[in-house]
Amino acid sequence: RPCLVTPRAPPPRQARDSAGTGAMSAEEQSSAAEVAAEAVEEKAEDTEMKADGEEKAVEQDKSVETEEDAPADTRPKVAPGSVSINASDSTMNVVSSADTSMVMALTDGGWQYLIAGARSTAGVKAGRYLFEVRIVETLLRPEASRALPQRQLCRLGLTSASTSLFLGEADSESACFDCEGYYITAASRRKVCPKYGREVVLGLLVNLDASSPNANTVSLFANGARACDPQPIPEALLGKPLFPTVTFRNVSLQVNFGSAPMAKLPFTCTMISDAAAADVDIVQQPKPGDGVFEVIVPVGLPEQGYFDWVDAFLEKHPDYVELSDRKIVEWCTRSGLSRSKTPANSIDKPDMKFNVPSMDDSAIRRALSHLAATANRSFIVPELKANLLASNRQSLLKRFAMPKFKKVAVVVFGEPTAEFKTRTQELMVKDKKEQIESERKSKKVAAERLKLIEERKKKATEMLRRKREGEAAEEAKEEEPAKEPEEEIVVELTDEEKALWYRKSKTPDVHDSSIAKAYSEFSLPSVGEGFDEVRYEWQPEAVAATVLKEWQFAKKLTQRVDDLKPGEWFTTASAAWAKQLQEWRKTQAEWKDPKKRAALKEKQAEAKKKAAEEAKEKGLELEAEAETDAAMEVDPDTIDVMGLLDVADIGSGEPLFSNFGYEDWALVALRYELFLLVHSFKKD
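Residues numbered from 1 in each chain as written. Predicted model: local features only at pLDDT ≥ 70, side-chain atom pairs only at ≥ 80, totals over all residues. Heavy atoms only, no water.

1. Some thoughts on helix α4 (residues 325-334)
Side chains that are three or four residues apart share a direction in an α-helix, a result of its 3.6 residues per turn. Among all positions in α4, only Asp325, Arg326, Ile328, Val329, Trp331 and Cys332 are buried. Of the residues flanking the end of α4, it is Gly336, one or two places downstream, whose phi is positive at about 105°. (Buried < 20%, exposed > 50% of the residue type's maximum accessible area, 1.4 Å probe, protein only. Helix = DSSP H or I, 4+ residues; strand = E, 2+ residues; numbered from the N terminus.)

Below, the structure written as structure tokens:
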């Protein structure tokens, strides 16, 4: 059995006496005081909750209970042990005992901020049945209270098989009670009972018996006493199997599905584990036929329907768990953490700016990847950029090296299937409708605001007129504005949009800077990397390879290369050019300075004389001697520039560039750099 003791935050160190190693620091004293205050507050809340529960129980005992004793039922019952918490239908942070009677969530390294959810294996579709929950432990996490509006959370309720595990969300098909005393559905949130804390047994009675006066209702009982009137089950849930579900954070729960209640009710009632087989649907935890679970590694190109394909896959295979940064961000947001309002970096790697160190440093991502390798589930890992790199794919496969996992690469390159194209057009129509609805709503709000301002101005003017004329003010009768019928939104795609294979998202799949650093290394997966199978979903391998090659070539024409490293030839030539340019600039400065010009001419004469002597030794003759050249007078405007042997001396000692300005030097440098660029490209 897994350990049933949830790790707690370490207690604050007590003040050391004079015989110890020293007094606590101010920071330690502050932390100790904070934890102590939290404990006192928690104890006070529990006392208040228990008192409220007992008071409410006394009041309810005085009322007449409308529920009756359950009649004897001789129908076949569900198989023993078939009703429990579904380990494969729980969030990844849920830890349970072997018989699932105890459930808790991970609470360290950032997990204390995330909500946990778990659903049972039995869905009630008829009859009247009970299940119970008791909070056996609450965890004090001071850091969680700073980032969350509600540090401890416990909700118990009902959901359909396909809805979210997070009870209380506005867009989910669920109905639940929370320990703050609220009954929450998608349409409302009402206070119906007092708060409840630790050691209170909360019983949820599901009544779907058509012959009962409380048919299609759910009731909450605390320690066996009715806590509230029967609450109606939302119409969206009626007619579907209703699965008992718990959503919690920083608490440990005892869950009881039967066969006997922990707190006796005023009437007899059957527990869910003893339900008639005809009244419930039992969901079997998925077990692969070949005894292994799949790890799907999708490989696709940016802006080519990658994440739309992943979403479509998850719709068809809801038992697969997605491991990605976008899901972690979604989980954090649904848990109540708020992000900065800066736009997301990309879908593949969204910005994690929750201002919580243990969340922003990606500790959750690392822990989740290790946790997944121990779970008996199938996973899909849609990391777009990482899955295109062979080294990252191999690192991923090492984490799922156990034989219970079958590693499958799914390649989605090129022209998609007709089914995917149809779905893409449906999504484009949906996006257009949402945009029109948003624009209409904004216009409507703006119009109502202007109308209200005009009415106030008109009313103020009328009151001022009556006051001047001495008339009595009449009470204005507010007329309810007539509801204008909303015009139906009709959206049609253009011919150009109908021809598109992929839809374009407002947020890029991968940021351009991230692509620029790695696109040349993108490759197709192979069995040699460690995959058990490589599937080509849209196009065969040969076509996919051509698509990748053409995509990479197109990127080379347009993508900036930030990590380009010049070769040895370019480095040497560029350094020599920089040195030569500096010497020429120095020569120009010396020529322009009258004091240094004479020295420059002497230097040039010496250089020519030396060159003549060296040439004579080698049997060569120069056209003129150094002394004669030094005395020559040359008109710079008449010389043949291309015939000069040395641009630093046109014959009279004057350099060719004696009158160069800043622009001339810039053009010279640019021309030579282009020369080096062309030749280094050829060499490298």
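2. Some words on the layout of surface pockets
Within this model, the largest pocket holds a volume of roughly 1300 Å³. Along the walls of the largest pocket sit 34 residues, with Thr163, Pro318, Tyr320, Lys327 and Arg334 positioned nearest its centre. Breaking the lining of the largest pocket down by element, the ones donating at least two residues are β1 (85-90), β4 (116-120), α3 (306-316), β20 (320-322) and α4. When residues in the lining of the largest pocket are grouped by element, the largest group, five residues, is from α4. Here the residues of the lining of the largest pocket sort into 15 nonpolar, nine polar and 10 charged. (1 Å grid on protein atoms, 1.4 Å probe; cavity = no way out; pocket = protein on both sides within 12 Å on 5 of 7 lines; lining within 4 Å. Points joined across faces, edges and corners; volume = space filled by probe spheres on them. Nonpolar A, V, L, I, M, F, W, Y, C, P; charged D, E, K, R; others polar.)

3. Thoughts on the confidence of the model for the chain
Parts of the prediction with low pLDDT should not have their coordinates interpreted in detail. Mean pLDDT over the chain: 83, with 84% of residues reaching 70 or higher. Low pLDDT (under 50) marks residues 53-62, which in the prediction has 11 contacts with non-local residues, meaning those over four places away or in another chain. Here residues 622-631 is modelled with pLDDT under 50, and outside its nearest four sequence neighbours on either side it reaches 11 contacts, counting other chains as well. (pLDDT = per-residue confidence, 0-100. Contact = heavy atoms within 4.5 Å.)

4. Some thoughts on the pairing of strand β15 (residues 243-249)
The buried fraction of β15 is high, at seven of seven residues. Residues Phe243, Thr245, Thr247 and Arg249 point to one face of β15 and Pro244, Val246 and Phe248 to the other, with burial holding for every one of them. Pairing of β4 with β15, which is carried by four bridges, proceeds in the antiparallel orientation. Along β15, the bridge assignment pairs Ala116 with Phe248. Across seven bridges, strand β7 (residues 153-159) lies against β15 in antiparallel orientation. Directly across from Cys154, in β15, lies its bridge partner Phe248. (Pairing = 2+ DSSP bridges.)

5. So, the pattern of salt bridges
Where side chains of opposite charge bring their charged atoms close, a pairing between them can arise. Under the counting rule described, the total for this entry stands at 28 salt bridges. With a closest N to O distance of 2.9 Å, Arg365 and Asp325 form a salt bridge. Within this pair, whereas Arg365 is found in helix α6 (residues 363-372), its partner Asp325 is found in helix α4, the two being separated by 40 residues in sequence. What makes Arg365 partly exposed here is its relative accessible area of 31%. In this structure, Arg535 engages Glu533 in a salt bridge whose closest nitrogen and oxygen atoms are separated by 3.1 Å. Three or more residues joined by partner-sharing salt bridges are found here, namely Glu169, Lys327, Glu330 and Arg334. (Salt bridge = Lys/Arg side-chain N within 4 Å of Asp/Glu carboxyl O.)

6. Quick word on the packing of α3 against helix α9 (residues 418-469)
Here α3 crosses α9 at 105°, and the two axes come no closer than 11 Å. The angle between α3 and α9 falls in the class roughly perpendicular. On α9, the residues that touch Asp308, Trp309, Asp311, Ala312, Glu315 and Lys316 of α3 are Glu419, Phe420, Arg423 and Leu427. Considered class by class, the residues forming the contact of α3 with α9 number four nonpolar, no polar and six charged. (Axes fitted to C-alpha atoms, helices over the stretch in contact; angles between N-to-C directions. Parallel < 35°, antiparallel > 145°, perpendicular 65-115°, else oblique.)

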